[in-house]
Amino acid sequence: QVQLVESVGGLVQPGGSLRLSCAASGFSFGFYAMDWYRQAPGKQRELVATVTSSGSTVYADSMKGRFTISRDNAKNMVYLQMDSLKPEDTAVYYCHVKRPRFGNLWGQGTQVTVSS
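Residues numbered from 1 in each chain as written. Predicted model: local features only at pLDDT ≥ 70, side-chain atom pairs only at ≥ 80, totals over all residues. Heavy atoms only, no water.

A. Spatial organisation of the packing of aromatic side chains. Taken as a whole and judged by the stated rule, the model has 4 aromatic pairs. An aromatic cluster is present here, built from F27, F29 and Y32 joined pairwise through their rings. Sitting above the plane of the Y94 ring, R45 keeps its charged end 3.8 Å from the centroid. Directly above the ring of F29 sits R71, whose terminal nitrogen or CZ lies 4.4 Å from the centroid. (Phe/Tyr/Trp six-rings, centres within 6.5 Å; stacked < 30°, edge-to-face > 60°. Lys NZ or Arg CZ within 6 Å of the ring centre and 35° of its normal.)

B. Looking closely at the side chain of R71. Relative to the assigned elements, R71 resides in strand β7 (residues 67–72). Only 2.8 Å separates the side chain of R71 from the backbone oxygen of Y32, close enough to count as a polar contact. Within the structure, R71 has its side chain in polar contact with the backbone oxygen of V51 (distance 3.4 Å). In this view, R71 contacts F29, G30, Y32, A33, M34, V51, T52, S53, M77 and V78; residues no more than four positions away in its chain are not counted. (Helix = DSSP H or I, 4+ residues; strand = E, 2+ residues; numbered from the N terminus. Polar contact = N/O pair within 3.5 Å; in protein donor to acceptor, adjacent residues only side chain to side chain. Contact = heavy atoms within 4.5 Å.)

C. Structural view of the sheet that holds strand β1 (residues 3–6). Taken together, the 4 strands give an open sheet; going across it, the order is β1-β3-β8-β7, and neighbouring strands pair in antiparallel fashion. Two strands lie at the open edges of the sheet, namely β1 and β7, each paired on one side alone. Sheet twist, expressed as the average angle between the axes of neighbouring strands with direction ignored, equals 15°. Both strand β3 (residues 18–25) and strand β8 (residues 77–82) contribute to a ladder of 6 bridges, which runs antiparallel. Paired with L20 across the two strands is L80, which belongs to β8. (Pairing = 2+ DSSP bridges. Axes fitted to C-alpha atoms, helices over the stretch in contact; angles between N-to-C directions.)

That's the geometry; what it means functionally is another story.
What follows is the structure, encoded as structure tokens:
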């Protein structure tokens, strides 16, 4: 089955850390760039970070230095390590891949809440 499944998010205090993971199945994971997006209440979905098939990374400006995206091609996994979390990081986080022949594939999303 072609799918992306994110780990459970959670409630984190400001300044805390959380690691999200995404398990991919049903497609040739190692061929594609993988992304994390997020959507806060009342806002549009935004790109958080991208990791290419070779491991190069790109981050949205507001996440640089705080978030780290990585992948394990042997395990078909992509990760998002989030440090120095802020209340404005509260959102639903989505794993994503765009496959040119098949279009966009999204995970189910996982809620991350940053609050004291």
